[in-house]
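Analysis of the macromolecular model
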Amino acid sequence: MAAPGCCCEGLRGFLFEYDTPRIVLIRSRKVGLMNRLVQLAILAYVIGWVFVWEKGYQETDSVVSSVTTKVKGVAVTNTSKLGLRVWDVADYVIPPQGENAVFVMTNLIITLNQTQDHCAEFPDKTTTCSHDDNCTAGYIGTHSSGVQTGKCVPYNSSIQTCEVFAWCPVEDDGILPKPAFLKDAENFTLLVKNNIWYPKFGFTKRNILPTINKTYLMSCKYHAQTDPFCPIFRLRDMVDAAGQDFQEMAVEGGVMGLQINWDCDLDKPASRCVPKYTFRRIDNKDSSHTVSPGYNFRFAKYYQTAEGVDSRTLIKAYGIRFDIMVFGKAGKFDIIPTMINIGSGLALFGVATVLCDIIVLYFMKKKYYYREKKYKYVEDFELGANECYGSQEERQECGGDR
Amino acid sequence: MAAPGCCCEGLRGFLFEYDTPRIVLIRSRKVGLMNRLVQLAILAYVIGWVFVWEKGYQETDSVVSSVTTKVKGVAVTNTSKLGLRVWDVADYVIPPQGENAVFVMTNLIITLNQTQDHCAEFPDKTTTCSHDDNCTAGYIGTHSSGVQTGKCVPYNSSIQTCEVFAWCPVEDDGILPKPAFLKDAENFTLLVKNNIWYPKFGFTKRNILPTINKTYLMSCKYHAQTDPFCPIFRLRDMVDAAGQDFQEMAVEGGVMGLQINWDCDLDKPASRCVPKYTFRRIDNKDSSHTVSPGYNFRFAKYYQTAEGVDSRTLIKAYGIRFDIMVFGKAGKFDIIPTMINIGSGLALFGVATVLCDIIVLYFMKKKYYYREKKYKYVEDFELGANECYGSQEERQECGGDR
Amino acid sequence: MAAPGCCCEGLRGFLFEYDTPRIVLIRSRKVGLMNRLVQLAILAYVIGWVFVWEKGYQETDSVVSSVTTKVKGVAVTNTSKLGLRVWDVADYVIPPQGENAVFVMTNLIITLNQTQDHCAEFPDKTTTCSHDDNCTAGYIGTHSSGVQTGKCVPYNSSIQTCEVFAWCPVEDDGILPKPAFLKDAENFTLLVKNNIWYPKFGFTKRNILPTINKTYLMSCKYHAQTDPFCPIFRLRDMVDAAGQDFQEMAVEGGVMGLQINWDCDLDKPASRCVPKYTFRRIDNKDSSHTVSPGYNFRFAKYYQTAEGVDSRTLIKAYGIRFDIMVFGKAGKFDIIPTMINIGSGLALFGVATVLCDIIVLYFMKKKYYYREKKYKYVEDFELGANECYGSQEERQECGGDR
C-alpha cells in the first residue's frame, strides 16, 4: 500500500537523495579500542611506509645515460725480448674508445713477426706426435692454430708436434708474465664523463658537477671520503675499493664494474641529485671455482715487408675491462600512483571492520545480542507474522513519505 | 531532547565506540548463492591469478649484466688473388672485443695496396661518361669513392668513367663471393661469459654454473636438450636454432640475437636460478622485403712503403654480428605489492555486493519489499508524522543513554 | 528466547543468505547533489584519466633493440703537412663498427713517424726547465708523454724542457685546427638500421618500414616534415635539429644523441607503430661551464721499417659520436592492471560517502537528527530499559523466524 509511495523515484531521487549506511554503534571499550588500533596500524602502514618511506606518491623514471672515458698514464717496461719500451694510451687501450666500457691492457703475450707459413704446432696432448701417422692432413681442431699438414716435426729439442699451416711461429701462451708486464698500470687514471637524462621529467645532469672548476679537475683524484665527486679514478683505487688486489688481478685480467648511482628525488632541489660511485669486481674470482678466470683477447698489428709479404705481431692481451654501469631512479610527485596507493590504502581499512566484526559476532560473550542489533532478517517467502511486522516497520520507516 | 544525550561524545566516544554497518540479511537461495559465487570468482581471481600465477606478492628487479665473449676456430682459404691463406681469431673478429656483441667475418671484398692517387671511378649510372664534359671537377656524390677531377678515363676495355682522386684502385664490390669466402666459419665456437646481478636483492650469478668443471668446459658444446648449460656455442648451431641457413646468411651477413633469459624466483633456492638460451635472427630477412639486407662494414689496414708512402688494404667485411641480449626479472616476496594487491582485491569484493543489490532491488519480483527493508527514508524537512516516528525511533534507539 | 532461533545458522545460512548493508536515504538536494558530484569527479578521474589518458587497462613492455649503422661520404683536405688527401669511411670512422654508437672524426692532430726514442717533453709549467736539476730521472707525471731521463734539453729555439724516453717526437696538441680539418663531414650521411622487439607481446619491427622501397632508400634524406621515416640522416641536419652549430661542434667534437622513440599502442594495427626520431646534444655545452668540453681520443697506426723498427702515426681524433638511443613502451590490454585500477577506483568511491557523511553529520543544521537516523546505539552493559527495547526490537526483527 504505502510501498509505491516510498519507492518510485527516478532521476529526481537519484540526484536529490543521499544514501549512507546505517551504523550500529557499540559502546565497548574492548572492541572500540581494538578497532582503532587496527585502523591505526593500517594508517601507519599507508602513510608511514607506502608514502614516507617508499615514496608511493611519486612517479618514477629510470635513467638514460651516455658515458665517455679517457685513460691517462705511461708505463715503461724493459725485457730481453722487447728491450726498453714505453707504453702510452694509444698502446694499451684497445679499442681506442668504447661505449660504456674501457679496456686497459695490463699483461700480454706478444708473438712477433708472424707470417703465413708451415711450422710446428704448439704442443699439447692432442698435437704431440712421434710419427707422421699421428697427424692427419687437413685436420683443424677447436684449439689448433692452423691446419695440419700431416707431417710430424720437432717443436723444440725435446718435443715433436704435428706441423700446421698457420701464422708462424705459433703463439706460446704456456707461461704468463708474473708480475704483470704493465704492473705500473695501477697508477693510470680514468676520467669518466657521464651525462644522464630522465626523459619523463626532462631532467639532465652530468657527473662533472657545476661546483667543479678546471683547476680542481686537473689535479683531483676520486676518494670516497675526501673527493666523492671527482670523476677521475686511479685504477688501483677502484680495484682496492672492490676488495681486490690490483697486481693479482693484473696478471690474468678481469672485469671491474664502476657503478654510478643517480637515485634522485626531483621534488627536492636539483643540486641534491648527485652521482654515487661504487666499485665491484664483476667476473667473480672465487678460488674454489676457477673455471676460465680472468679476461683476455687476441689482436694483431699487420705489417707488410718491402717484398709485399704480410706479417703481423700477434698480441694476447690480458687486462682489466672497466664497465661503467649507470643506475638510478628519479621520483617526482604524480597523481596516479598517489591515487592508486590511497585507493588500496582505503580498501585496507575494510579489514579493520571485518576483523572486529568477526570478534564481536563470534567470540564475544554477548555475540547473540550484538548480532540482533546488527542484522535484520528478511524471509524470501512472507509469513503472515512477518508480513505484519514487515508492514509495521514499513509504515514506520516510510512514514516520511506520506 | 534526548538528542544531546546520545550524540555528544568526544574523544572518549571516538575511542570506546565501535561502529559497524547494520545489515539486512535476506534469506534467499537465489541471491545468496549468486552473491557467494561472485565473491568466489573474485577470490579465485585474486588468489589464483594475481598471487599464484602472476606472483603479485613479489617485488621484482630487472637484471644487470656483463658479458665477455671469445671466439675460437681457424679457417683456410685458397683463392687466385690471395693464394693459400689461414684465418684465425685475430683476422676475422673485428673489433677484437666488443661489449655485448661480437662480429665474425664470414665473407669479404678485399682491395689490396690502395694508395692516394687518380683513377677511374667504379662504374654506375652516375659515373659512366663518354666525354670530359660529363664529369665536373670537384664533384663528390654520396656514393662516390673520391673527388672527381673532371676527366673521363677508361675503367676497363669497354667502359669509361669519370676520374677521381681517391684511394686507388677503387673497390669493386659488384660481385660478392658465393659461397661465402670463410664458409668454414660455421664450425667456429663462441664462448660466452655472462655475470648477472640483481641489485635490489644483492644476488649475483654467472652463466658458468658451479656444477661445470674445467674438463667439461674444454670439450662441451651447447645443445638445447643434452647440454643446455654449456656456454660454448657452435656458430652454425645458433643460426640453425634461429631457423636460418648459415651458408646463406654467411654470404651477405646478418645480425643474430643470442638471448639469455635469467628469470628467477628468489623465494626458491638460488641453484634453481639458471640461464635459458634462445636464438633469433634480428635483421629480419624476408624475401618479400629485401631493402638493404645483411650486415657489412668497411675497414682498412694501413701500411707504409719504404719510401714512406701510405698504402692500405681496404676490406669490406660481411659477417654475422652476435648480439648477446641478457634479459630477466627476479622476484622476491615483499610487503608493498602484496598489500596493494590485497587492497585492490578487497575493493573488488564491493563489486559482488553492488551486483547483487542491483539484481535484488531492481530485477526481483519482491524488489519493493526488499527496498523497504534495506532503506530507511529520511526527509530533509520534517513532517509532523515523520517527527513523531522519528522521535519515537529516537527514544527507542537512544534509550540506552538515559 | 528467540535469539537462538534467529542466529544459529551454519553453512546453510552462509550459502543461502545474502547480507546487504541497511541504508539511510536522506532526501536532501544539497547533500544528494554534492554526493553525486564527488562520485562523478572520481568516476571521471578513473575512466577519463586512468583509463583513457594513461591507458591503465594496458600491460606495458619496454623495447629491446638492435642497431646497425653505416656512414657514407668522402672529404678532401689539402694541408702543407699531409698534402692533398682524400678521407673515406675506413679513414674517419673509428672503430669501424660500434654497437649503438658511431664515431665520425671531424678534426685531428696527427703526429707522424713516432719512434721509441729520447726527445724533449711537450712544454707546460711542470716540464719546462733551465737546468738538469729541474728534471728527475724516472719521473712519470699524469700528463707526461714518457719517462724523464733527468736531462734538460731544448724543445725549440726558445724553450727548454725535460728530456723523456717516449714515442718521439711527442704530440703537440697545443693548437687545434680551426675550422675543423674535415669540415666537409657535415655532408656525410648516416644510415641507421634499427630492429626492435617487444618480448612480452612477441612484436618485432624495423625502422625501414615496409612502405619504403629500394629506390626511395637510395635517394632519400631524413626531414622532420617531408621525410619523417627515411632512415638516412645528413650529419649536419642532425646537429642543427639539436640546435647546435655543426662547424663549431666539429672543432672540439661532442656527443650527439639520435633518439628513436617506439611508443606503440598494440591494441591498434601494427602499421600505426612507427619510429619517431629526435636529436639532442648529450655532452652539455654551456659556455658558462666549459670544463673538459668536446670529445676526443687517441689512437695509432703501427708501421715497421725495413730494419724492423716499430714506428707509429699517432692521431688525436676529435669528432662527433652519435649515440643511437632507442626508447619506447608498448601497451596492450591486460586483465591484471585493469582490475587493479578498477579496484582502487572503486575504493576511491568510499571517499565520496566519507566526505558527505562528515558534512551531513558534523556541519549541517540537522546533524543531530541525521545522526539519530544513521546510528543505533548499543550498550556493552545492558540496562533494564535497553533490555526491553532491545528485546522488543529483537522480537520485531527476528519475528520472521518464528
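We quote the UniProt Subunit (unreviewed entry) comment for chain A here in full: "Functional P2XRs are organized as homomeric and heteromeric trimers."

A few points about the relation of the copies chain A and chain B
By a simple turn and slide, chain A fits onto chain B: the slide is 0.0 Å along the axis, the RMSD is 0.1 Å, and the turn is 120°. The superposition of one copy onto the other is thereby described by a three-fold rotation axis.

A word on the state of the cysteines
Note: disulfide means a covalent bond formed between the sulfur atoms of two cysteine side chains. Residues and elements named next belong to chain A. On inspection of all chains with the given rule, the structure shows 15 disulfides over all chains. Linked covalently through their sulfurs, Cys129 and Cys152 form a disulfide whose S-S length is 1.9 Å. Taking the torsion about the sulfur-sulfur bond, which here is approximately 100°, the covalent link between Cys129 and Cys152 counts as right-handed. Of this pair, Cys129 sits in the loop between strand E7 (101-120) and strand E8 (147-154) while Cys152 sits in strand E8, and the two are 23 residues apart along the sequence. For the pair shown, Cys129 and Cys152 are each scored as buried. At a sulfur-sulfur separation of 1.9 Å, the disulfide partner of Cys135 is Cys162. Given an S-S torsion of about -85°, the disulfide between Cys135 and Cys162 has left-handed geometry.

Some words on the sheet that holds strand E3 (residues 58-62) of chain B
Residue and element names in this part refer to chain B. The strand order E3-E18-E14 describes an open sheet built from three strands, whose pairing is mixed. Among the strands making up the open sheet, the edge pair consists of E3 and strand E14 (264-265). As paired elements, E3 and strand E18 (residues 329-333) share five bridges and run antiparallel to each other. The residue bridging Ser62 from the neighbouring strand is Lys329, located in E18.

Thoughts on the environment of Val46 of chain A
Along the chain, Val46 of chain A turns up in helix H3 (residues 29-53). In this structure the C-alpha to C-alpha distance between Val46 of chain A and Leu348 of chain A, which are 302 residues apart in sequence, comes to 9.1 Å.

Re the packing of aromatic side chains
Scanning the model with the defined rule gives 50 aromatic pairs over all chains in all. Here Tyr198 of chain A and Phe203 of chain A contribute two aromatic rings whose centre-to-centre distance is 6.4 Å and whose plane-to-plane angle is 35°, an arrangement assigned as tilted. The exposure class assigned to Phe203 of chain A is buried, which follows from its relative accessible area of 13%. Ring geometry for Phe233 of chain C against Tyr277 of chain C: centres 5.0 Å apart, planes inclined by 70°, an arrangement best described as edge-to-face. Linking Phe233 of chain C in strand E12 (residues 232-234) with Tyr277 of chain C in strand E15 (residues 276-281), this pair joins segments that are 44 residues apart in sequence. Residue class for Phe233 of chain C comes out buried when judged on its relative accessible area of 1%. Chaining the aromatic ring pairs together yields one cluster made of Phe103, Tyr295, Phe297 and Phe299 of chain A.

Notes on the pattern of salt bridges
Close approach of charged atoms lets side chains of opposite charge pair. Counting across every chain of the model gives 39 salt bridges over all chains. Linking Arg236 of chain A and Glu186 of chain A is a salt bridge whose minimum nitrogen-to-oxygen distance equals 3.3 Å. Of this pair, Arg236 of chain A sits in helix H6 (residues 235-241) while Glu186 of chain A sits in the loop between strand E9 (160-168) and strand E10 (189-198), and the two are 50 residues apart along the sequence. Residue Glu186 of chain A is classed as buried on the basis of its relative accessible area, which comes to 14%. Salt-bridge contacts for Asp173 of chain C lead to Lys316 of chain C; the nearest nitrogen and oxygen are separated by 3.0 Å. Placement of the pair is Asp173 of chain C in the loop between strand E9 (160-168) and strand E10 (189-198) and Lys316 of chain C in strand E17 (residues 310-326), with a sequence separation of 143 residues. With a relative accessible area of 25%, Asp173 of chain C lands in the partly exposed category. Here the salt bridges share partners, and the residues they tie into one network are Glu171, Asp173, Arg298 and Lys316 of chain A.

Re the sheet that holds strand E18 (residues 329-333) of chain A
Pairing within the open sheet is mixed, and its three strands lie in the order E3-E18-E14 (chain A). Edge positions in the sheet fall to strand E3 (58-62) and strand E14 (264-265) of chain A, since each has one partner strand and no second.

Notes on the pairing of strand E2 (residues 23-27) of chain A
Most of E2 of chain A sits out of view: five of its five residues are buried. Side-chain alternation along E2 of chain A places Ile23, Leu25 and Arg27 of chain A on one buried face and Val24 and Ile26 of chain A on a second face that is also buried. Where E2 of chain A lies against strand E1 (residues 17-21) of chain B, five bridges are found, and the strand directions are antiparallel. In the strand pairing of E1 of chain B, Val24 of chain A is matched with Thr20 of chain B.

Examining the interface of chain A and chain B
Each side of the interface is counted separately: chain A has 96 residues, and chain B has 84 residues. Of the roughly 8500 Å² buried at the junction of chain A and chain B (both faces included), carbon and sulfur atoms supply 55%. Here chain A is connected to chain B by three salt bridges. Salt-bridge contacts for Arg312 of chain A lead to Asp88 of chain B; the nearest nitrogen and oxygen are separated by 2.5 Å.

A short note on a nonpolar patch on the surface
A contiguous nonpolar surface patch, about 440 Å² in accessible area, is contributed by Phe333 and Ile335 of chain A together with Trp49 and Trp53 of chain C. Residue classification places Ile335 of chain A among the partly exposed residues on the basis of a relative accessible area of 34%.

Some remarks on the side chain of Glu121 of chain B
Residue and element names in this part refer to chain B. Secondary-structure assignment places Glu121 in the loop between strand E7 (101-120) and strand E8 (147-154). Despite being buried, Glu121 has no salt bridge partner; Arg298 is the closest side chain of opposite charge, sitting 9.9 Å away. Within the local environment of Glu121, its side chain forms a polar contact with the side chain of Ser145, the two groups lying 2.6 Å apart.

Section: the confidence of the model for chain A
Per-residue confidence for chain A averages 83 on the pLDDT scale, and 89% of its residues sit at or above 70. This complex was scored by the predictor with a pTM of 0.83 and an ipTM of 0.79.

Cut-offs and rules
- Per-chain numbering applies: the sequence of each chain, read as written, is numbered from 1 onward.
- To read the labels, note that chains go from A and ligands from 1, taken in the order they are written.
- With the structure being a predicted model, the display of local features is reserved for residues of pLDDT at least 70 and the display and counting of side-chain atom pairs for 80 or more, all residues being used for whole-chain, interface and lining totals.
- The basis for every side-chain value is the complete set of heavy atoms in the structure, and neither hydrogens nor water enter the calculation.
- UniProt positions are given in the numbering used here, feature names are shortened, and annotations may be inferred rather than shown by experiment.
- Copy-to-copy alignment: least squares on C-alpha atoms, limited to residues at pLDDT 70 or above in both.
- Any two cysteine sulfur atoms lying within 2.5 Å of each other are counted as a disulfide.
- Numbering of helices and strands runs from the N terminus, with a helix taken as a DSSP run of H or I at least four residues long and a strand as a DSSP run of E at least two residues long.
- Any residue under 20% of the maximum accessible area for its type is buried, any over 50% is exposed, and the rest in between are partly exposed; the area is computed with a 1.4 Å probe on protein chains only.
- When DSSP finds two or more bridges between a pair of strands, those strands are recorded as paired.
- Centres within 6.5 Å make a pair out of two Phe, Tyr or Trp rings, where for Trp the six-membered ring is used; the pair is then stacked when the planes are under 30 degrees apart, edge-to-face when over 60, and tilted otherwise.
- In the sections that follow, a salt bridge refers to a side-chain nitrogen of Lys or Arg positioned within 4 Å of a carboxyl oxygen of Asp or Glu.
- Only heavy atoms matter for contacts: two residues are in contact if any of them lie within 4.5 Å across the pair.
- Values labelled buried area give the accessible surface lost by two parts on being combined, using a 1.4 Å probe and summing over both.
- To count toward a patch, a residue needs a relative accessible area above 30% and no salt bridge. Like charges then connect within 9 Å, nonpolar side chains (Val, Leu, Ile, Met, Phe, Trp, Tyr) within 5 Å.
- For every accessible area listed, the method is Shrake-Rupley and the probe measures 1.4 Å; residues are considered covered only by the protein chains on display.
- His is not counted, nor are the chain ends; Lys and Arg add positive charge and Asp and Glu add negative charge.
- A 3.5 Å cut-off defines polar contacts: any pair of N or O atoms within that distance qualifies, except that in protein one atom must be a possible hydrogen donor and the other a possible acceptor, and neighbouring residues in sequence count only when both atoms are side-chain atoms.
- Each residue carries a pLDDT score, the predictor's own confidence in it, on a scale running from 0 to 100.

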